[in-house]
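Fold and contact review
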Amino acid sequence: MPPKKLGQILLPLALLSLPLAFCADDPRLMNQGREQPTTRGGPAVEELTASYWLRQACDQVAARLDRTQDTVTDGRRAKNIIMMLGDGLSITTLTAARILKGQRQGRSGEESKLAVEEFPYSGLCKTYCTNEQSPDSACTATAYLGGVKTSSGTVGQSADGEIVESLSMWAHRAGKATGLVTTTRVTDASPAAAFAHVARRSDELEIARQLVDEQPGRHFKVILGGGLGKFSLERRDGRDLVQHWQSVNPEGCFARSLSELRDCVSSNGSMLGLFSDSNMAYHLAAHKEQPSLSEMTAVAIERLSEHADGYFVFIEGGRIDHGHHETRVGYALDEMLEFDAAIDMALRLTDPRETLIVVTADHSHSLTMSGSAKRGTPILGMDQLQRDVNGVQYSTLNYAIGKWQSHGKDGRRENPGKTLSQTSFTPSYIHGRKGVHSGEDVAVFAMGPKSHLFSGIMEQNLLPHLMGYAAGLDSGATPCELQRKVDTSF
Ligand SMILES: [Zn+2]
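All of the points below concern the structure found in this document.

Calculation rules
Residues numbered from 1 in each chain as written. Predicted model: local features only at pLDDT ≥ 70, side-chain atom pairs only at ≥ 80, totals over all residues. Heavy atoms only, no water. Helix = DSSP H or I, 4+ residues; strand = E, 2+ residues; numbered from the N terminus. Contact = heavy atoms within 4.5 Å. 1 Å grid on protein atoms, 1.4 Å probe; cavity = no way out; pocket = protein on both sides within 12 Å on 5 of 7 lines; lining within 4 Å. Points joined across faces, edges and corners; volume = space filled by probe spheres on them. Nonpolar A, V, L, I, M, F, W, Y, C, P; charged D, E, K, R; others polar. Donors = N, O, S within 2.8 Å, 3.2 Å for Na, K, Ca; no water. Tetrahedral: all angles 85-135°; square planar, octahedral: opposite > 155°, others 65-115°. Buried < 20%, exposed > 50% of the residue type's maximum accessible area, 1.4 Å probe, protein only. Pairing = 2+ DSSP bridges. Axes fitted to C-alpha atoms, helices over the stretch in contact; angles between N-to-C directions. Parallel < 35°, antiparallel > 145°, perpendicular 65-115°, else oblique. Left-handed = near helix turned anticlockwise from the far one by under 90°.

Observations regarding the environment of K79
As for its placement among the helices and strands, K79 is situated in the loop between α2 (50-73) and β1 (80-86). Put simply, K79 and L356 are 277 residues apart on the chain and 7.9 Å apart in space, counted from C-alpha to C-alpha. Residues within four places of K79 in sequence aside, it is in contact with K176, H307, A308, D309, G310, Y311 and E354.

Some details on empty space enclosed by the protein
According to the stated counting rule, one finds four cavities of 30 Å³ or more in the structure shown. Looking at the largest cavity, its volume works out to about 80 Å³. Forming the walls of the largest cavity are 13 residues, and the residues nearest its centre are V329, L380, G381, L420 and T426. The residue makeup of the lining of the largest cavity, split by class, is five nonpolar, eight polar and no charged.

A word on the coordination of the zinc ion
Donor atoms from the polypeptide that bind the zinc ion are D321 (OD), D321 (OD), H325 (NE2) and H437 (NE2), placed at 2.1 to 2.4 Å. Taken together, the four donor atoms surrounding the zinc ion define angles of 56 to 147 degrees at the centre, an arrangement classified as irregular. Sequence spacing of the donors to the zinc ion: D-x3-H-x111-H. With a gap of 112 residues between them, H325 in helix α11 (residues 320-325) and H437 in strand β13 (residues 437-438) connect regions that are remote in the sequence. One exposure class covers both H325 and H437, and it is buried.

Focus: the pairing of strand β3 (residues 177-185)
Within β3, nine of the nine residues are buried, leaving the element largely enclosed by the surrounding structure. Judged from the six bridges that link them, β3 and strand β7 (residues 311-317) form a sheet pairing that is parallel. For A177, the partnering residue across the bridge sits in β7 and is Y311. Pairing of β3 with strand β4 (residues 222-226), which is carried by four bridges, proceeds in the parallel orientation.

What about the sheet that holds strand β11 (residues 397-402)?
With mixed pairing, three strands are arranged side by side in an open sheet as β10-β11-β12. Sheet topology places β10 (367-369) and β12 (428-431) at the edges, where each strand pairs with a single neighbour. The sheet shows a mean angle of 20 degrees between the axes of neighbouring strands, taken without regard to direction. Summarising the sheet, β10 and β11 pair through three bridges and their orientation is antiparallel. Counterpart to L367 in the pairing with β11 is Y399. Contacts from helix α3 (residues 91-104) reach β10 and β11 within the one sheet, and its direction differs from that of β10 by about 55 degrees.

Concerning the packing of helix α10 (residues 293-304) against helix α12 (residues 329-349)
Their axes nearest at 8 Å, the elements α10 and α12 cross at an angle of 25 degrees. With respect to α12, the element α10 is oriented roughly parallel. Crossing handedness for the pair α10 and α12: right-handed. Where α10 approaches α12, its residues L293, S294, T297, A298, I301 and E302 are matched on the opposing element by E338, F339, A341, A342, M345, A346 and L349. Of the residues assigned to the contact of α10 with α12, the class counts are nine nonpolar, two polar and two charged.

Remarks on the packing of helix α4 (residues 137-146) against helix α13 (residues 462-471)
At a closest axis distance of 5 Å, the pairing of α4 and α13 adopts a crossing angle of 20 degrees. Here α4 is positioned roughly parallel relative to α13, judged by the angle of their axes. Together, A143, Y144, L145 and G146 of α4 and L463, P464 and M467 of α13 make up the contact between the two elements.

Here you go:
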């Protein structure tokens, strides 16, 4: 390819500068703040003008130039890695939760923002596993934490049974502190892939044993979530794993409630917090002594930040998936907004010049957002104007497959409007036993050192290798060529 002439280089740069110059000089755009008052249930009055959208676009160009500058031009490595996983967090869930967030604030909703919208880089990832088109949370966790795709139900092993080390192990080997936070049982498939190796995800008693007995789990500085039953009452080997953890962590602090977790903050050792026998309660149904995901996130980051050589932490909003399985979208979206608050907390407590934050999902769910609802239509309610071919109204959010169809005894679909609420079942097209995972790509968002690598469409098992590369970790499993680049690029 012939070398570019100077004009070819300067012209794109000149074009790039146009919008910013336009922003600065155009009197039509002066004195327009970012937050605009909204009319109830509809767009802001300012949205009806061209100048509003031009100002908004200019602000976004400037913000993107600002926030990408450091990570692209700066060769520094990530001292800390935070991986945040929304279980079952489909792109439809992102959109619907964003609208709900705005509507809870009395706004129209569509123009609202999630915390991940501050992230400079994003892409998609392909979630299939070795034997499944639409995967489960075990094989996907092995991909995004271990870097190897495997078969459904398998945690921390390849499909042919080879042990797969996790990013937690790579970080531990590099001298970093490690930990995990989840709203599910800490022995559930997603968090389990951070430390365990089992052929069947249902083998949670063994997963709990590996967490306290084996590395890297026994070195975790922070373990926060649910699942106390797997450590004591449900065990068939007579062991009390909490007592064992306390005996090998004499400086450690064990918590069963928010009050006890707050007391642990003043301790110096490791933390084990198990706040329910099984999964933690949905945020909508939680008692006051159950810590929120953002509270657990804050405690974890603050404790891990005390480690001079950096840390890796896995943080999961695990019950978005459960809300979807129950086809109760109000629960799923509320759990997503709890996850959103945790992401916001992570952003506030870290410096993007030294901490890489990656947010993604393991797999999608079959939630759809369909119809022609008007701006500001309550996202958990009915499309006020549209009708089906029989003249019956329908909801904006529906599941492809789920527990409940709004059908009468004559088989005709009924208007579900009177039965829809924040906690009700959501209609589905196909009557199944429960909501099911779906197989389309999921989003990946990244901020911090080397975050520009997280773009385009990626295989899910690429993610931990990129995170390891960003922090200069020796994965032990990373191809030699990539490892050489790690060694020479910093
Ligand atoms: Zn699931």
